[in-house]
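Analysis of the macromolecular model
Each chain is listed here by its residues.
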Amino acid sequence: MGGTAIVVGGGIGGLAAAIGLRRVGWEATVVERAPALADVGAGISLHANGLRALQVLGVGDAVRAAARPEYTGGTRTPSGTRLVQLDGAALERATGTSILGITRADLHRKLRDALPEEILRVGTEVTGVDRTDPDRPRVRLAGGETLEADLVVAADGVNSRLRAQLFPDHPGPAYTGSTVLRALTAHPVTLPTDFELTWAPGVEFGHLALADGTAEWFAVLKAPAGTRHADALAEARRRFGDWPDPVPALLDATRPESVLHHDIHELATPLPSFTAGRTALLGDAAHAMPTTLGQGACQALEDAVVLAASLAAGPDTATALARYDAQRRPRSGDVARAARQAARMGHQLTHPLAVALRNTAIRLAPAGVLQRAMLRHADWTPPALA
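Summarised in this report is the structure supplied together with it. Given the structure is predicted, the values throughout are model-derived calculations rather than measurements. (Residues numbered from 1 in each chain as written. Predicted model: local features only at pLDDT ≥ 70, side-chain atom pairs only at ≥ 80, totals over all residues. Heavy atoms only, no water.)

Overview of the overall build of the protein
As a reminder of what qualifies: By definition, any uninterrupted DSSP run of H or I lasting at least four residues is a helix, any uninterrupted run of E lasting at least two residues is a strand, and each is numbered from the N terminus. For a compact globule the rule gives 2.2 Å times the number of residues to the power 0.38, and the radius of gyration it is set against comes from C-alpha atoms. Working definition: with a 1.4 Å probe on protein chains only, accessible area under 20% of the residue-type maximum means buried, over 50% means exposed, and in between means partly exposed. Only heavy atoms matter for contacts: two residues are in contact if any of them lie within 4.5 Å across the pair.
Across its full length, the protein carries 13 helices and 19 strands. The C-alpha radius of gyration computed for the protein amounts to 21 Å, which stays within 12% of the reference 21 Å derived for 386 residues, consistent with globular compactness. Summarising its shape, the C-alpha atoms of the protein cover approximately 60 × 45 × 40 Å along the three principal directions. Counting only residues that meet the buried cut, the protein has 54% of its 386 residues in that class. Taking the intrachain contacts of the protein between residues at least 6 apart in sequence as the baseline, contacts between residues at least 24 apart amount to 73%.

Have a look at this one:
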């Protein structure tokens, strides 16, 4: 069963969806409002589920070649007390792969390279979708043009315009109470571990080592929505400059203009469906979640594979979309709830007694329990794309 699709949004999820659709015989056009397809952001962790999805999409080997395995690290306190030890080798034995660190730009580039340039329409803003004909939705563009297809994929992010139109009664994204500063270092940095989180009351600081020797660092802080600093790097130095190595070295290796600052939003109220007629929602447009598990992009990659496999299995688009919704909504909802709980037990915890109890419980937990918790969401088996 083939057809035509308009993918609204040229981020990681949108590009992955277009790749999956093309692999099962669909024609896909990606419409992106930004003037160029160049994913912004710093680094990203890819867990086994995301890597398996990329492998099914045919870009897994290219992504692995650009990424760095994450074998060492874990979680600690600012005093240096180790709470959790990352055993990347054990995770690799359990799932067939280690966690990989890669820049968002590199991941985006590998996805983009797998698509013909002529199907990518950049600098094109989508204003809505017309579903007057239930079998042939029409995407409206800002200049007055319309694009007609058999399927529309809404991959337009946490502030999805199409989601707001399709589900007008849904409250939309909610601020999690946390904001994040992040950056890539300007040059390679010597790091004692591949991946590290440092937890303090109301805050966490982490780093992710990358293949070229540079690193991403990120600081997640409880703060009122919209809080901004005239010099974000100076604020990071004020907050974290006396934390244990390698935190000061990471900040010293950062250019002030490279620091990004974003509030973290989520769909705290789940959508009643990931589909509306011949429109399917995907990625953050469907299930934006806190960043604590590093599963946001991985869930979007899962969406892309399941959508393509559902359409390939037929027997018609309506049945395929119902199958997609039935598979993806419970799965991503479970991951989102776990991410929310991890945030509450991590950087959002502020009371000293609660922090002490959490730290003690984690230190005393058997290693096998912690590993099973890490594997709970990462050990996912993708459907084949026929």
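Side note on the sheet that holds strand 4 (residues 68-70)
Selection rule: Should DSSP find at least two bridges between two strands, the strands are regarded as paired. For helices, the fitted line uses only the C-alpha atoms of the stretch in contact; every axis is such a line through C-alpha atoms, and the angle between N-to-C directions lies from 0 to 180 degrees.
Read across the sheet, 3 strands follow the order 3-7-4 without closing on themselves; strand pairing throughout is antiparallel. Edge positions in the sheet fall to strand 3 (43-46) and strand 4, since each of these pairs with one other strand and no more. Across the sheet, the mean angle separating the axes of adjacent strands is 35° when strand polarity is ignored.

A word on the pairing of strand 15 (residues 203-209)
Among the 7 residues of strand 15, 7 are classified as buried, and the element is accordingly described as predominantly covered. Of the two faces of strand 15, the one carrying Val-203, Phe-205, His-207 and Ala-209 and the one carrying Glu-204, Gly-206 and Leu-208 are both buried. Examined bridge by bridge, strand 14 (residues 195-200) and strand 15 share 6 bridges and lie antiparallel to one another. Counted as the bridge partner of Trp-199 is Glu-204 from strand 15. What sits between strand 14 and strand 15 in their antiparallel hairpin is a turn of 2 residues, with Gly-202 showing a positive phi close to 75°. The pairing of strand 15 with strand 16 (residues 215-222) spans 7 bridges and is antiparallel. Along strand 16, the bridge assignment pairs Phe-205 with Ala-219. The antiparallel pairing of strand 15 with strand 16 creates a hairpin that spans 5 residues between the two strands, and Gly-213 there sits at a positive phi of about 95°.

Description of the environment of Ala-300
Topologically, Ala-300 is positioned in helix 10 (residues 296-313). Counting along the chain gives 217 residues from Ala-300 to Leu-83, while the straight-line C-alpha distance between them is 30 Å.

Observations concerning the packing of aromatic side chains
As a reminder of what qualifies: Here a pair means two rings of Phe, Tyr or Trp (six-membered ring of Trp) with centres within 6.5 Å. Their orientation is stacked below 30 degrees between planes, edge-to-face above 60, and tilted elsewhere.
Here the structure, examined in full by the defined rule, presents 3 aromatic pairs. Ring centres of Phe-205 and Trp-217 lie 5.5 Å apart, and the angle between their planes is 10°; this geometry places the pair in the stacked category. Of the two residues, Phe-205 sits in strand 15 while Trp-217 sits in strand 16, which places them 12 residues apart along the sequence. Among the residues examined, Phe-205 registers a relative accessible area of 2% and is labelled buried. For Trp-217, a relative accessible area of 0% translates into the label buried.

Focus on the packing of helix 1 (residues 12-23) against helix 5 (residues 104-113)
For clarity, the cut-off: Put simply, angles under 35 degrees are roughly parallel, angles over 145 are roughly antiparallel, angles from 65 to 115 are roughly perpendicular, and the rest are oblique. Two helices that cross are described as forming a left-handed crossing if the nearer one is turned anticlockwise from the farther one by less than a right angle, and a right-handed crossing if clockwise. Note on residue categories: nonpolar means Ala, Val, Leu, Ile, Met, Phe, Trp, Tyr, Cys or Pro, charged means Asp, Glu, Lys or Arg, and polar means any other residue, Gly included.
Taken N-terminus to C-terminus, the directions of helix 1 and helix 5 make an angle of 20°; their axes are 9 Å apart at the nearest point. By the angle between their axes, helix 1 is roughly parallel relative to helix 5. Between helix 1 and helix 5 the crossing geometry is left-handed. On the side of helix 1, the interface is formed by Ile-12, Leu-15 and Ile-19, while helix 5 contributes Arg-104, Leu-107, His-108, Leu-111 and Arg-112. For the contact of helix 1 with helix 5, the class distribution of residues is 5 nonpolar, 1 polar and 2 charged.

A closer look at the sheet that holds strand 2 (residues 27-32)
An order of 8-2-1-12-19-18 is seen for the 6 strands of this open sheet, with the pairing classed as mixed. For this open sheet the edge positions go to strand 8 (120-122) and strand 18 (275-276), each flanked by a neighbour on one side alone. Where strand 18 and strand 19 (residues 279-281) come together, 2 bridges link them in antiparallel fashion. Across the sheet, Thr-275 pairs through a bridge with Ala-280, a residue of strand 19. Along the sheet face, helix 1 touches strand 1 (4-8), strand 2, strand 8 and strand 12 (151-154) and points at about 170° away from the line of strand 2.

Brief notes about unusual backbone geometry
The residue after Asp-245, namely Pro-246, is reached through a cis peptide bond having omega 10°. The omega torsion of the bond from Gly-314 to Pro-315 falls at 5°, within 30 degrees of zero and hence cis. With respect to the secondary-structure elements, Pro-315 resides in the loop between helix 10 and helix 11 (317-345).

A short note on the nonpolar core
Spelled out, the test is: The nonpolar core is taken to be a set of buried Ala, Val, Leu, Ile, Met, Phe, Trp, Tyr and Cys residues, with the residues joined through side-chain atoms within 4.5 Å.
Leu-21, Leu-46, Leu-54 and Leu-107 are the most contacted members of the largest nonpolar core, which has 74 residues in total. Considering every element that reaches this core, the biggest residue donor is helix 10, with 10 residues. Excluding its chain neighbours within four sequence positions, the residues that come into contact with Leu-21 are Ala-5, Val-7, Trp-26, Ala-28, Leu-151, Val-153, Ala-308 and Leu-311. Grouped together as the second largest cluster of nonpolar side chains are 22 residues, Ala-183, Ala-200, Leu-221 and Val-247 included.

Here's the deal with the pattern of salt bridges
Applicable threshold: A pair is scored as a salt bridge if a Lys or Arg side-chain nitrogen falls within 4 Å of a carboxyl oxygen belonging to Asp or Glu.
This model, assessed by the stated rule, comprises 20 salt bridges. Between Arg-136 and Asp-150 there is a salt bridge; the shortest N-O distance is 2.8 Å. Of this pair, Arg-136 sits in the loop between strand 9 (126-130) and strand 10 (138-141) while Asp-150 sits in the loop between strand 11 (146-148) and strand 12, and the two are 14 residues apart along the sequence. Owing to a relative accessible area of 25%, Arg-136 belongs among the partly exposed residues under this scheme. Two residues, Arg-328 and Asp-303, come together in a salt bridge whose shortest N-O distance is 2.5 Å. Of this pair, Arg-328 sits in helix 11 while Asp-303 sits in helix 10, and the two are 25 residues apart along the sequence. Asp-303 sits in the buried class, given a relative accessible area of 0%. When salt bridges that share partners are traced, they join Arg-136, Arg-138, Glu-148 and Asp-150 into one network.

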